[in-house]
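# Structural description and commentary
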Amino acid sequence: MKKLFSLLLASALALSLGACGGSTTSESTGSAATSEAATSEAATSEAAESTPAEGEASGDLITVGFAQVGHESDWRTASTKSAQDIFSEANGYNLLFNDADNDSAAQLEAVRGFIQQGVDYIIIDPIVATGWDTVLTECEDAGIPVIVIDRTIDDSDKYVSWVGSNFKDEGLACGEWLKAYADAKGITEINALVIEGSTGASATIGRTEGFKEVADKYGWNILDSQSGDFTEAGGQEVMESFCQSYAGQFNVVICQNDNEAFGAMTAMDTAGVTYGVDGDVIIVSFDANKPALQEVMEGNLNANFECNPMAAPFVEEIIQQLEAGETPEKEIYMEESWFVAEDIAGESITVNGVEQPLVVVTQEVLDARPY
Ligand code: AHR
């Protein structure tokens, strides 16, 4: 009966989410099993302590709802694929996937939909860092553990664990590399343009703060900083306007993800601005997806600071720990590398006292990349 109710609710919800512009898909068709053993900071309600659902004893699938940001970038595609690969039926999961298309309100509704469907776990990659406490309280009241990935939630701690990147460190690393590179090239004045990611996203906030901190330290000029929304079209549009407003005035472009960098390169090509190893403008990106690393290897991008999208295996481990009644770590940082086109800025960069190598991109490095 409970299963029938869940299925009816799921169908009704899928229709209503469709009407909101988001999209929810089920990756498999198993019945929902409630997690008896989930004990975490976020799963302390009565519902979490209730008796096991009928499916558990027969080894039914674990139902996971994943509220994804959207499909704005190659990085996002890799993140979605990673989750779909890990939370497959063959691995014992029923994945309900929602693409919120970068719409925060739709993402909140998707999470509420997962609650109504009685999923066992909810994964959230938050579009924006704030506005989460109410819906996370609703998850807690329903006894559904929440795992946050990639971007952070900054106004609530009602989730079990977060797995992601230190975005501010990425921005600091970018700045410290630029200092070493400019010194090696004899460049004494930096006039930078920044193409930011989506407004309100912790990835944008951290990268912007980190780079600005270094820029302030060395007295660089940040001529302008505008959002390209983490998309290629957005990067191109912002760079087209920068090329008009700041013609001949800039020698550095910081793109907060690879897709924006592709768009910025197109805009500079059109405007006749040269960039990269042999150009007038130093261009830097974040993410380090394979197509962008190819551009680094060819000298079209000077450096690229990795943001690792492969959080899903860590999330699976967290779910298994919860299933076993264990308490997972609250924060897990992904390992990331710093990639460069030329071997002239030293062998490493130190950020917050931690030294990390600079990896010159070769065909071998490229071939070894997983995404
Ligand atoms: O939150 C991670 C950022 O979001 C990645 O840098 C970007 O490509 C994505 O869209």
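Since we're looking at a predicted model, the values are computed, not measured.

Conventions adopted
Residues numbered from 1 in each chain as written. Predicted model: local features only at pLDDT ≥ 70, side-chain atom pairs only at ≥ 80, totals over all residues. Heavy atoms only, no water. Salt bridge = Lys/Arg side-chain N within 4 Å of Asp/Glu carboxyl O. Helix = DSSP H or I, 4+ residues; strand = E, 2+ residues; numbered from the N terminus. Buried < 20%, exposed > 50% of the residue type's maximum accessible area, 1.4 Å probe, protein only. Pairing = 2+ DSSP bridges. Axes fitted to C-alpha atoms, helices over the stretch in contact; angles between N-to-C directions. Phe/Tyr/Trp six-rings, centres within 6.5 Å; stacked < 30°, edge-to-face > 60°. Lys NZ or Arg CZ within 6 Å of the ring centre and 35° of its normal. Polar contact = N/O pair within 3.5 Å; in protein donor to acceptor, adjacent residues only side chain to side chain. Contact = heavy atoms within 4.5 Å. 1 Å grid on protein atoms, 1.4 Å probe; cavity = no way out; pocket = protein on both sides within 12 Å on 5 of 7 lines; lining within 4 Å. Points joined across faces, edges and corners; volume = space filled by probe spheres on them. Nonpolar A, V, L, I, M, F, W, Y, C, P; charged D, E, K, R; others polar. Near = heavy atom within 4 Å. Areas by Shrake-Rupley, 256 points an atom, 1.4 Å probe, with all protein chains shown as cover. Sits in = over half its atoms within 2 Å of the grid points.

### Considering the pattern of salt bridges
It is possible for side chains bearing opposite charge to pair when their charged atoms get close. Here the structure, examined in full by the defined rule, presents 17 salt bridges. Across the pair R207 and E170 runs a salt bridge whose closest N-O atoms are separated by 2.7 Å. Of this pair, R207 sits in helix α7 (residues 202–218) while E170 sits in helix α6 (residues 167–185); the two residues are 37 residues apart in sequence, bridging distant segments of the chain. Residue R207 is classed as buried on the basis of its relative accessible area of 3%. Taking the shortest distance from any N to any O, the salt bridge between D216 and K212 comes out at 2.8 Å.

### Here we look at the sheet that holds strand β10 (residues 282–287)
Pairing is mixed in the open sheet, where eight strands are placed in the order β8-β7-β9-β10-β11-β13-β15-β14. Across the chains shown, the open sheet's two edge strands, defined by having one partner strand only, are β8 (221–227) and β14 (348–351). Strand-to-strand twist across the sheet, computed as the mean angle between neighbouring axes with direction ignored, equals 20°. Bridge analysis of strand β13 (residues 338–340) against strand β15 (residues 354–360) gives three bridges, and the strand direction is parallel.

### Points about the packing of aromatic side chains
Counted under the stated rule, the structure contains ten aromatic pairs. Consider the rings of F87 and Y93, whose centres lie 4.9 Å apart with planes at 90°: the pair is edge-to-face. Judged by its relative accessible area of 1%, F87 is buried. The exposure class assigned to Y93 is buried, which follows from its relative accessible area of 0%. Ring centres of F286 and F305 lie 5.9 Å apart, and the angle between their planes is 45°; on these two criteria the pair is classed as tilted. With F286 in strand β10 and F305 in strand β11 (residues 303–306), the pair connects residues that are 19 residues apart, well separated along the chain. Side by side, F286 and F305 carry an identical accessibility label, which is buried. Linked through ring pairs, W177, Y181, F286, F305 and W338 together constitute an aromatic cluster. When the ring centre of Y218 is taken as origin, the NZ or CZ atom of K179, which lies over that ring, is 4.9 Å away. When the ring centre of Y371 is taken as reference, the NZ or CZ atom of R369 above it lies at 5.1 Å.

### A look at the side chain of E306
Topologically, E306 is positioned in strand β11. Looking at E306, its side chain comes within polar contact range of the side chain of R369, at 3.1 Å. Excluding anything up to four places from it in sequence, E306 contacts E170, D287, A288, E335, E336, S337, W338, F339, R369 and Y371.

### Some thoughts on unusual backbone geometry
Located in the positive-phi region is N102, a residue other than glycine, with phi close to 65°. Its place among the elements puts N102 in the loop between β3 (93–99) and α4 (104–117). Residue N102 is classed as partly exposed on the basis of its relative accessible area of 26%. Positive phi values are uncommon outside glycine, yet A288 reaches one of about 65°. With respect to the helices, strands and loops of the structure, A288 is situated in the loop between β10 and α10 (290–297). Of the residues examined, A288 reaches a relative accessible area of 0% and is grouped as buried.

### Looking at the layout of surface pockets
Each pocket or cavity is described by its volume, and for the second largest pocket that value is around 230 Å³. What lines the second largest pocket is a set of 13 residues, among which N166, D169, M334, W338 and Q356 lie closest to the centre. When contributions to the lining of the second largest pocket are tallied by element, the ones reaching two or more residues are α6, β14 and β15. Its residues assigned to classes, the lining of the second largest pocket comprises six nonpolar, three polar and four charged.

### A look at the site of the ligand
Taken together, E72, S73, W75, R76, D150, R151, A203, R207, F230, N257 and D287 make up the full set of residues adjacent to the ligand. A distance of 2.9 Å is found between an oxygen atom of the ligand and a side-chain nitrogen or oxygen belonging to S73. Here an oxygen atom of the ligand and a side-chain polar atom of R151 are 2.8 Å apart. For the ligand, whose unbound accessible area comes to 280 Å², protein coverage reaches 100%. When atom positions are compared with the pocket grids, the ligand is found to occupy the largest cavity. Elements represented by at least two residues in the shell around the ligand include exactly α3 (74–86) and α7.

### Structural notes on empty space enclosed by the protein
Under the criterion given, the structure shown has three cavities of 30 Å³ or more. One number sums up the size of the largest cavity: a volume of about 80 Å³. Lining the largest cavity are 13 residues, and of these W75, R76, R151, F230 and D287 lie nearest its centre. Those elements that place two or more of their residues in the lining of the largest cavity are α3 and α7.

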